[in-house]
Amino acid sequence: MNEKLLLDDGTELEQVFCRPDTLTDVPYHYCPGCGHSVVHNVLMEVVDELNIQDKTIGVAPVGCSVFAYHYMNIDMQEAAHGRATAVATGIKRVLPDKLVFSYQGDGDLAAIGTAETIHTVNRGENILIVFINNGIYGMTGGQMAPTTLLGMVTSTSPYGRDIHMAGYPLKITELIAQLPGAYYVTRQSVHNPNAVRKLKKAVTKAFEYQMQNKGICFIEVVSNCPSGWKMTPVETIKYLEEVMFPYYPLGDLKLPKE
Amino acid sequence: MEKEIRTEEPRLMKGNEALAEAAIRADIDAYFGYPITPQSEVIEYLMREVPNRKDKKIVVLQAESEIASINMVYGAAGAGARVMTSSSSPGISLMQEGLSYIASAQLPCLVVNVVRGGPGLGTIQPSQGDYFQATKGGGHGDYHLIVLAPASVQEMADFVFDAFRLAEKYRNPTMILADGALGQMMEKVVLPPDGGLKKHPKPWATTGKTKDRNHNIITSLFIQPEEMEKVNLELQKKYEAMQSEVRWEEFQTDDAEILLVAFGLSARICQKAVDLGREKGIKVGLLRPITLYPFPYERIAELADKVEFILDVEMNAGQMVEDVRLAVEGKVPVYFKGRMGGMISTPEEILNELEAIHEKQNVLHD
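The rules behind the values
Residues numbered from 1 in each chain as written. Chains lettered and ligands numbered in written order. Predicted model: local features only at pLDDT ≥ 70, side-chain atom pairs only at ≥ 80, totals over all residues. Pairing = 2+ DSSP bridges. Helix = DSSP H or I, 4+ residues; strand = E, 2+ residues; numbered from the N terminus. Axes fitted to C-alpha atoms, helices over the stretch in contact; angles between N-to-C directions. Contact = placed C-beta atoms within 7 Å. Core = buried A, V, L, I, M, F, W, Y, C linked by C-beta atoms within 7 Å. Buried ≥ 20, exposed ≤ 12 C-beta atoms within 10 Å, placed from the backbone. Expected span 1.5 Å × (residues − 1). Bend = angle between axes of the 7 residues up to and from the residue. Nonpolar A, V, L, I, M, F, W, Y, C, P; charged D, E, K, R; others polar. pLDDT = per-residue confidence, 0-100.

## Observations regarding the sheet that holds strand 15 (residues 334–338) of chain B
Residue and element names in this part refer to chain B.
At step 1: One open sheet holds the five strands; their spatial order is 10-12-11-14-15, and the pairing between them is mixed. A strand with exactly one partner marks an edge of an open sheet, and here the two such strands are strand 10 (248–251) and strand 15. Neighbouring strand axes in the sheet, compared pairwise and without regard to direction, differ in orientation by 20° on average.
At step 2: In this sheet, strand 14 (residues 309–314) lies alongside strand 11 (residues 258–261) in parallel orientation, the contact comprising four bridges. Along strand 14, the bridge assignment pairs L260 with L311.
At step 3: Against the sheet, helix 10 (residues 264–279) contacts strand 10, strand 11, strand 12 (284–289) and strand 14, and its axis sits at roughly 170° relative to strand 12.
At step 4: Of the strands in this sheet, strand 11, strand 14 and strand 15 touch helix 12 (residues 320–328), which is tilted by about 160° from strand 14.

Here you go:
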């Protein structure tokens, strides 16, 4: 930042925006239009702005974001499927002065890892959980997730999700907000610039709460999956607004009593 | 391993408690575990004792499951901590996925298995039925744990130090494979000295990326086959190097014509069977593997050249006997005597078995 760039004609330009040091110079492997890369950017911009690169340790899940550590230029651990919050607990308990977050998809956090999710929140571990809910298993090729909406077609619900077969889409964030161990619970998105700005505020708050030892912060990001949903990125935005947000309404679910 | 002089008074302790006290003295940073009989005294002792030790900073956490425990161990070990967990057979089965990840990510840690009878929910009585699981990997993929098999309460304590020394030397998970009886029985023990286990820097740990180094990544994911093969070759090279750590002990093998092979509690019982046999003039000796991985193949092969036959004794349906047979390579007959489901052979039973085989052998020779 603040580097001067001199053009051939003598014009002096001031650099006002660049890739933060917290992001590696590696192109994302994510599909075009996918929300993951935006959430990665937001997280690492906050780590950069709060100047906590040397304090922050991330935990990547199994799922599309399994390679998050390729892009985030911070110390990271790759967890077994569903166990990210247990791994994060292990890190935070032995390094209580560091800032620890897990980054997990819906299959990881709300299906195979439900026990770890609930108990980590219930213990009030002083960490941040970032939960990407796009209603589908992206990495394995578009299977039904615990958060897949009723009627939604996936490769394991080829005629649409049926409640008699597969039960209801799990509103795990509402469940999390009920737990006394949870300090700050919010549901955000990255479907337009305003939403991205709001997410960034939420992430900043969460890291600040962690620095103050306030307890666990849980941020759900309702996101999209153009490849899994078999839609164009633009169509996914419309689907988010018309179908996903009514079932997973955006906003704060639990705010600290300050 | 080097033996230091211990001046502390002997104490009468349960195996599980001696092990837990040794862990405190080995300066563990963290213990994560879940209750299961017959090893719950480990976490109970730590929960009770650690708050009284003002000089220590040890995290003791009761997790929601063995699955969570082993993954907390992964996180803490990856963050550079000296960390352990303990459980018993069904709980250790639940940890196998995590252990495979820990082996692949090359994280040092200690896992204690106080074995009970299986399969299934089984019984809470002692068993050696987890030998295969412990020594052949246990989870998915090609890997090994270093496995130490104590045979006394004294060794339940001592092997905690040895286990961490080996785990940290090789960046490899180590297992103490005991059994329900060793965990529960009380014996005299002289505890290892407090703070007697040095800590070395772990520059690979995730402690926060500083400007002077690249970011540290703890992972077991190597998606390119060329890279995955390279990691496997590295692991195999490490397992080869570990072979130098093989440990065993022998009783009356110098002039032995019959060799007993047994580990852990079975070796204690066999020692008595050797005494009884010697009283009757039978030239019987005992080899007791102390490390089950690495395994003393070479020494057993040497002894096989000198004895008429070998009797392997275990508290299972015959697991270590396969390694004994691999070592012996058909040079002499290898017989097996085992009890299962929490039942334990008596020294007299073993001697009777030995005499029956001896008689049969002689008939064949005459």
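## Looking at the nonpolar core
At step 1: Within the largest apolar cluster, 184 residues are counted, with the highest numbers of intra-cluster contacts made by V130(A) and L260(B).
At step 2: Counting residues per element, this core draws most heavily on helix 7 (residues 153–170) of chain B, which supplies nine residues.
At step 3: Setting aside residues up to four positions removed in sequence, L260(B) forms contacts with C270(B), A273(B), V274(B), V284(B), L286(B), L311(B) and V313(B).

## As for the environment of A79(A)
At step 1: The topology assignment puts A79(A) in the loop between strand 4 (75–78) and helix 3 (84–94).
At step 2: For A79(A), a count of 33 C-beta atoms within 10 Å puts it in the buried group.
At step 3: C-alpha of A79(A) to C-alpha of V62(A): the two residues are 17 residues apart in sequence and 7.0 Å apart in space.
At step 4: Apart from residues lying up to four places away in sequence, A79(A) is in contact with V59(A), A60(A), P61(A), A84(A), V87(A) and N71(B).

## Focus: helix 10 (residues 233–247) of chain A
Residue and element names in this part refer to chain A.
At step 1: The end-to-end C-alpha distance of helix 10 is 20 Å, a good match for the 21 Å that 15 residues give at a rise of 1.5 Å each.
At step 2: Remark: the principal bend of helix 10, roughly 45°, maps to L240.
At step 3: Among all positions in helix 10, only T236, L240 and M244 are buried.
At step 4: In the core, the buried residues of helix 10 are packed alongside strand 9 (182–189), strand 10 (216–222) and helix 9 (226–229).

## Brief notes about the interface of chain A and chain B
At step 1: Each partner contributes to the interface: chain A provides 29 residues, whereas chain B provides 33 residues.
At step 2: If you list the elements that add at least two residues to the side of chain A that touches chain B, you get strand 3 (56–60), strand 4, helix 3 and helix 5 (114–123) of chain A.
At step 3: When residues of the side of chain A that touches chain B are assigned to their parent elements, the largest contribution, eight residues, is made by helix 3 of chain A.
At step 4: Tallied by class, residues from the side of chain A that touches chain B come to 14 nonpolar, seven polar and eight charged.
At step 5: Pairing of strand 4 of chain A with strand 9 (residues 217–218) of chain B involves two bridges; the strand directions are parallel. Residue pairing across strands places M76(A) opposite I217(B), the latter belonging to strand 9 of chain B.

## Observations regarding the environment of H140(B)
At step 1: Considering the arrangement of structural elements, one finds H140(B) in the loop between helix 6 (131–135) and strand 6 (146–148).
At step 2: Along the backbone, H140(B) and G98(B) are 42 residues apart, and their C-alpha atoms lie at a distance of 9.9 Å.

## Examining the packing of helix 3 of chain A against helix 5 of chain A
Residues and elements named next belong to chain A.
At step 1: Contact geometry of helix 3 with helix 5 gives a least axis separation of 8 Å together with a crossing angle of 40°. Judged by residue contacts, T85, A86 and T89 of helix 3 engage E116, T117 and T120 from helix 5.
At step 2: Grouping the amino acids of the contact of helix 3 with helix 5 by side-chain chemistry returns one nonpolar, four polar and one charged.

## Looking at unusual backbone geometry
At step 1: Along the chain, G118(B) connects to P119(B) via a cis peptide bond; the corresponding omega equals 5°.
At step 2: Looking at where P119(B) falls in the secondary structure, it is placed in the loop between strand 5 (109–115) and helix 6.
At step 3: The residue after Y293(B), namely P294(B), is reached through a cis peptide bond having omega 0°.
At step 4: Among the secondary structure elements, P294(B) is positioned in the loop between strand 13 (291–293) and helix 11 (297–304).
At step 5: The phi dihedral of N51(A) falls on the positive side, at around 55°, and the residue is not glycine.
At step 6: For N51(A), a count of 9 C-beta atoms within 10 Å gives the class exposed.

## Considering the confidence of the model for chain B
At step 1: Summarising the model, chain B shows a mean pLDDT of 96, and 98% of its residues fall at 70 or more.
At step 2: In the predicted complex, the global pTM is 0.96; the interface-specific ipTM is 0.96.

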